[in-house]
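Spelled out from the first residue to the last, the chains are:
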Amino acid sequence: MVTSDWHLDMMDDDKKDGSKFNPDIIDEIIETVETEKVDLFLFGGDLATETETFFNGLKLMARIPCRKLFIAGNNCMKSLQTNDLPHYSGELQARMRYYDIQLLDQAPLVLNGIGFVGNCGWYDGTFWWPENTAVCLDEMKERAQKYFGLDLGRNGFRHNLTYEQFFAMSWRKLLNDLKLVHDLGAKRVVLGIHHVPSRDFLEQKPGDESWTQINFCMGSIKYQELFARPDVVLGLVGHTHRPDIHLVGGTPVVNISYSEDVPYRVFDVKA
Ligand SMILES: [Fe+2]
């Protein structure tokens, strides 16, 4: 079972699009896990930005009666108290261990011969969309770097980290973990990245500069290479709050963002 982007602390005003999380759905999730004998619950990022609210979300998830995996979202980074980027996973995993939830960003999993690999991912500028904007690439990169810092608050600007460097680190970690689950015998892999791998997942608003800038920060076309690997049988993404499914290099990649209409999805992955 998969879902993401609950954004538990988003204000009502910010969530007029049917994606405001309804906590009552937890009872339905628990019932579905029990009746359909679900092995695994995977959350694809952006639980909450406030630390306390983040813990409340983990408490909700802890009630789900099966093994639980978690992928960090960009908004989860804002909840960090002691860690900062790029080393965010230790603090998040420490919180989750208490609730018996595994952070995939920190370590992948092989279960019943299936590998589960994932992390937050990031953006790298390959979603540059010149036909939609009058802004030049250098200016857009500068804005994206500013957004990287502002959006992450106190956790973003430390160590003079650039968004491109953080992307490269997340990328290398995914490569390492794909190799690791292969070495551990997984022939088939479920790959989850909070950010998206193609413009197919984005809504275009030509001439809307702020929208083009937000789209610039939604992911990277480089991720297509990972989803296209023959061992990757299912791709999961979030972040854009649109329930799209697209084939990426022949692999179905599903946006699992929570919405009223599709609060979660259940897949049967054969080893
Ligand atoms: Fe996000």
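Let me begin by describing the structure that accompanies this report. (Residues numbered from 1 in each chain as written. Predicted model: local features only at pLDDT ≥ 70, side-chain atom pairs only at ≥ 80, totals over all residues.)

### Focus: the sheet that holds strand β5 (residues 109-111)
Then, number 1: Spatial strand order, β5-β6-β7-β8-β10-β9: 6 strands in an open sheet with mixed pairing. With one partner strand each, in any of the chains shown, β5 and β9 (245-248) form the two edges of the open sheet. On average, adjacent strands in this sheet sit at an angle of 20° to one another, irrespective of strand direction.
Then, number 2: Strand direction decides the pairing type here: strand β6 (residues 114-119) and strand β7 (residues 188-193), joined by 6 bridges, are parallel. Its bridge partner being in β7, V117 is matched across the sheet by L191.
Then, number 3: Against the sheet, helix α6 (residues 163-183) makes contact with β5, β6 and β7, and its axis sits at roughly 170° relative to β6, the strand it touches most. (Pairing = 2+ DSSP bridges. Helix = DSSP H or I, 4+ residues; strand = E, 2+ residues; numbered from the N terminus. Axes fitted to C-alpha atoms, helices over the stretch in contact; angles between N-to-C directions. Contact = placed C-beta atoms within 7 Å.)

### With respect to the pairing of strand β8 (residues 232-237)
Then, number 1: Within β8, 5 of the 6 residues are buried, which leaves the element mostly enclosed by the surrounding structure.
Then, number 2: With 3 bridges joining them, β8 and strand β10 (residues 251-255) adopt parallel strand pairing. From the neighbouring strand, L236 faces β10, where its bridge partner is V254. (Buried ≥ 20, exposed ≤ 12 C-beta atoms within 10 Å, placed from the backbone.)

### Here we look at the nonpolar core
Then, number 1: Core analysis: the largest hydrophobic core is formed by 71 residues, its most contacted members being F70, A72, V117, Y123, V189 and L191.
Then, number 2: The dominant element in this core, judged by the number of residues it contributes, is α6, at 7 residues. (Core = buried A, V, L, I, M, F, W, Y, C linked by C-beta atoms within 7 Å.)

### Some points on the environment of A134
Then, number 1: Tracing the sequence through the fold places A134 in the loop between β6 and α5 (137-152).
Then, number 2: On the basis of neighbour counts, which here come to 9 C-beta atoms within 10 Å, the residue A134 falls in the exposed class.
Then, number 3: Distance from A134 to P206, taken between C-alpha atoms, is 9.8 Å for residues 72 residues apart in sequence.

Function cannot be inferred from these measures alone, as they are strictly geometric.
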